[in-house]
Every structure is written in C-alpha cells, then in structure tokens.
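# Working through the structure, step by step
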Amino acid sequence: MEVRRQIPNLIVTEREHSLPLDHGEPQGPRITVFTRELADPEGLDRPLLVYFQGGPGFEAERPVRTGGQPAWLDRALKDFRVLMLDQRGTGRSTPVGTSLPGSPESQAEYLSHFRADAIVADAEAIRRELGVERWSLLGQSFGGFCATRYLSAAPEGLREALFTGGLPPVGAAVDDVYRATFARMRARNEAYYARYPEDRERVRALLSLAAAGELVLPGGDPLTPARVRQLGHVLGMAGGAERLHYVLELPPGSPAFLHDAETATSFARNPIYAILHESCWADGGATRWSAQRVLAELEDWPEDFLTGEHVFPWMFESPSLAPLRQAAELLAEREWPRLYDPRALAANEVPGAAAVYAEDAYVERAFSERTAAAIPGMRMWLTSEYEHDGLARDGERVLGRLLDLARGRL
C-alpha cells in the first residue's frame, strides 16, 4: 500500500511492505514493515538515504519540518530523499506488544527475529522492491549496529554509510561491553554528585523509601530501589544531569515525581528494548543477563550510584512486562549467531564516516575506534563536543561533516 501527501515543506510517501518474519523461510509467516519517504518539493529526483533509528525497539522519528524535527532532516534533504524505516516490531511495523500468543518457547522464537540481521534483510528487500540500485545509510546508536551488519552482509546495496554514536564492538564479549559501560557510568555518577551534591541525600532517601515499599507508581507498580537507580540512564545525553536533577528535586511522594519516575523507567511502550537490548550487543554467544552479572562483580559500586543503559531480569516482574518474562529468560540463554563478518568488513569498499563521541556512556569509544580501524574506507571523527545524542542536538553540522568526510572533502 502506498499513500502520498504534501505537508508543509515536505512530500511524504508512506508505504507498507509485506516481508517474511524469517528471511530464511520466505514462504513462512509474514509481517508488515512501514516506511515513510520524505522529499523536498524541489528534490523528488534526489537519491535515497535510509535512516536507522537508535534503540533497539524504537520507531523512526516522526517528521515535522517546520519544527526542525528531526534536527538533521534539512541537511539531509539538500542531497537526498530520506527513507524513515520503522524497524520491524516498532511503530507501524507489526509492533511487538507486552503480550504475545503461544508458549514461552514460541514467543522467544518469534522475538529472535528482531535483531539487526533481520532489520537489514528487511531494508534490502525494500531497496529491491523500490528498484533502488544503491542508497546511502545513516545509523544513529543501535542504527549504527544495523549499518555495520549491512556492511557485513549486503555492502553491494550501499553508496555510503554514516554512523553517529553507533560503531559497535565486533567480536567482543558482551561482559566486556558492560564492564566498559559501568566504568563510564561510575564517572557520570561522580560528576553528577559533584554538580548536585544535595541529590546524593535525595537518592539515599528515595532508596530507603523504596526499600520500605512506600512509593507506588501511578500504574500500580512499586518503585523499587533498583528502579530508582534506573533514573540514571539519562546521564549519557546532553542535559541529562539537569533532567535528572529536576526529577529528584520533586517531593518523593508527589504526583509529579511518581509520574516522572514511572515515565522515565517504563519499557511498556517499547518492550523490544527490554527484551532484546542485551542481545543487540551479542556478536555470537549468549548474554545470560550480562549487566546484572557484571554489576554483581563490582563490589565497590556505591549503593547510591545510578545505572545507565542496562537491563535486568527483575524488570520482567513488572505487570507490564511479566507476560514476556519466561521468553526473556529463554532469550538470555540463547546462543546467538554472529552479526558481523570480520572478513567482509576487512574487504569493505563502501565509503563511510563515523562520529565517535569521546565520553560516550552507552557505546564505548575504545570499541568504536577498534571497529573503525578494521573497516577500510571508514573515516572517524572523534569528538568531545557532543554526548551520545549529538545528531539530535546539532544535526545540520554533524551530518554535514560526516558527508564531507565520506566524500573526501575533509
């Protein structure tokens, strides 16, 4: 199905693509994958750039060009039409909910088809369906994991590949990934409490109230000490410390605090994030609740330190995720195939450029540098000017610089 419409300063073409759930079984069950093509009214003949959203488990941003959303769109439309992809299981692409039919085993099998390898296979099928010989690619965060898979599995479909905060570890053990992210979060906690020393006592008081069962979120879930610590996940974004402080300064039992705490720590809207977050790092092997195991190793981790982009098995005790708890356990024990082919990456001929953020709290710089060095033609821009969300904060400059790097203009 295809629908074309004009909105302020944009020609929008919406399509629904029928694709196999398992690309290895093309005659098996099918899902719908939704794309939204965006074009400047004067640029209908420009080449395509496909955008891979960060996540996992989040749909592509919804465009409002007059509002500058997303921040990089104006720059992109100078050179391209842009294809916004709702990755399978998100947005309008056969969304995964917090309840699935069947046994835990069948649920886990279904959910195993929502990693970067399947997302890239969807994109390739859509590229062929649209009759596009090659297109450019922009991957933000987890979108960069998808882009690296693309370079491994189907580089012939790419004209150029651009990464922002998303060059993944290749061949690294998932426990090493989480050791690195906890080290980054240790530094973020120390910096946060240095800026807002009064918040340390606030966090300690919250932890005591939560341990006593005195805080109940609007949806009925208890606000547990572990869930209080999850408020720290914003510390890797620009302005994250301030956003966290403005939550913590609220009275603990107030409607405003409880609402904001629930919103900040709920994964009911995007359950794929909770279910498959660890597996998106797994370049082979099982994850076995890596973040929880690594945190348990850190005997000197202070009780009042907050966690970052980490998922834990206790999250599936929440009523919103409990229906998928057994499936999540099975996926944690699953032996995942490799996502990236080091030999294919070493033979890369696709021009590329990557923004690597020097203090990235979510995608460790050292792993990104190693991956960039292993991919011929990948030009890296190492910068301390931005946090993980640099593309969202200064999209015109970030995308423009990456294009200049990939095309040899810098």
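In the block above lies the structure referred to throughout.
All values derive from a computational prediction rather than experimental measurement.

## Here we look at unusual backbone geometry
Excluding glycine, residues mostly carry a negative phi; peptide bonds, for their part, are mostly trans. Of the consecutive residues G55 and P56, the connecting peptide bond is found in the cis state with omega at 5°. Mapped onto the fold, P56 is located in the loop between β4 (48-52) and α1 (73-79). The residue after Q69, namely P70, is reached through a cis peptide bond having omega -5°. Position of P70 among the secondary structure elements: in the loop between β4 and α1. Even without being a glycine, N9 presents a positive backbone phi close to 65°. Among the secondary structure elements, N9 is positioned in the loop between β1 (2-7) and β2 (10-20). At R288, a residue that is not glycine, the phi angle is positive and equals roughly 50°. Tracing the sequence through the fold places R288 in the loop between α10 (271-276) and α11 (290-297). For R288, a relative accessible area of 37% corresponds to the partly exposed category.

## Things to note about the sheet that holds strand β5 (residues 81-85)
Taking strand neighbours across the sheet as the criterion, the 9 strands line up as β1-β2-β3-β5-β4-β6-β7-β8-β9 in an open arrangement whose pairing is mixed. The two strands at the open ends of the sheet, each matched to only one other strand, are β1 and β9 (378-383). When the angles between neighbouring strand axes are averaged without regard to direction, this sheet yields 20°. Summarising the sheet, strand β3 (residues 30-39) and β5 pair through 4 bridges and their orientation is antiparallel. Residue pairing across strands places T35 opposite L85, the latter belonging to β5. Against the sheet, helix α4 (residues 142-153) engages β4, β6 (135-140), β7 (158-164) and β9, with an angle of about 140° to β6. Packing of helix α14 (residues 365-373) onto the sheet brings it into contact with β8 (352-357) and β9, and relative to β9 it is tilted by some 155°.

## Quick word on the pattern of salt bridges
The full count for this structure, using the stated rule, is 39 salt bridges. Salt-bridge contacts for E37 lead to R15; the nearest nitrogen and oxygen are separated by 3.0 Å. Here E37, found in strand β3, pairs with R15, found in strand β2; they are 22 residues apart in sequence, far enough to count as distant. Across the salt bridge formed by E297 and R179, the nearest N and O atoms sit 3.1 Å from each other. Placement of E297 in helix α11 and of R179 in helix α5 (residues 174-195) is noted, with a sequence separation of 118 residues between them. Judged by its relative accessible area of 41%, E297 is partly exposed. Looking at R179, the relative accessible area reads 36%, which means it is partly exposed. Connected via shared salt-bridge partners are R5, E14, E16, R36 and R92.

## Digging into α14
All of the buried residues in α14 are F367, S368, T371 and A372. For α14, the angular spread of buried residues about the axis comes to 135°, placing them on one side. α14 presents R370 and A373 as exposed residues on the side facing more than 90 degrees away from its buried surface. Contacts from the buried residues of α14 go to α5, β8 and β9. Its side-chain oxygen at 3.1 Å from the backbone nitrogen of A366, E364 defines the N-terminal cap of α14.

## Points about the environment of L83
Tracing the chain through its elements places L83 in strand β5. Assessed through its relative accessible area of 1%, L83 is described here as buried. Measuring from C-alpha to C-alpha, the distance between L83 and L250 comes to 41 Å, with 167 residues separating the pair along the chain.

## Some thoughts on the pairing of β4
With 5 of its 5 residues buried, β4 lies for the most part within the structure. Across the two faces of β4 the burial is the same, with L48, V50 and F52 and L49 and Y51 all buried. Sheet topology note: the β4/β5 ladder contains 4 bridges and is parallel. Each residue of the ladder has a partner; that of Y51, found in β5, is M84. Where the polypeptide runs from β4 across α1 and back to β5, its parallel neighbour, the crossover connection is right-handed. Note: β4 against β6, 4 bridges, orientation parallel. Paired with Y51 across the two strands is L138, which belongs to β6.

## Quick word on the packing of aromatic side chains
Applying the stated criterion across every chain, the model contains 16 aromatic pairs. Seen from their ring centres, W289 and F316 are 6.0 Å apart, and the 55° between their planes marks the pair as tilted. Of this pair, W289 sits in the loop between α10 and α11 while F316 sits in the loop between α11 and α12 (325-333), and the two are 27 residues apart along the sequence. Each member of the pair, W289 as well as F316, carries the same accessibility label: buried.

Definitions and cut-offs
Residues numbered from 1 in each chain as written. Predicted model: local features only at pLDDT ≥ 70, side-chain atom pairs only at ≥ 80, totals over all residues. Heavy atoms only, no water. Helix = DSSP H or I, 4+ residues; strand = E, 2+ residues; numbered from the N terminus. Buried < 20%, exposed > 50% of the residue type's maximum accessible area, 1.4 Å probe, protein only. Pairing = 2+ DSSP bridges. Axes fitted to C-alpha atoms, helices over the stretch in contact; angles between N-to-C directions. Contact = heavy atoms within 4.5 Å. Salt bridge = Lys/Arg side-chain N within 4 Å of Asp/Glu carboxyl O. Arc of directions from axis to C-beta. Polar contact = N/O pair within 3.5 Å; in protein donor to acceptor, adjacent residues only side chain to side chain. Right-handed = clockwise from strand over helix to strand, strands pointing away. Phe/Tyr/Trp six-rings, centres within 6.5 Å; stacked < 30°, edge-to-face > 60°.

Read these as layout, nothing more, since geometry by itself doesn't imply function.
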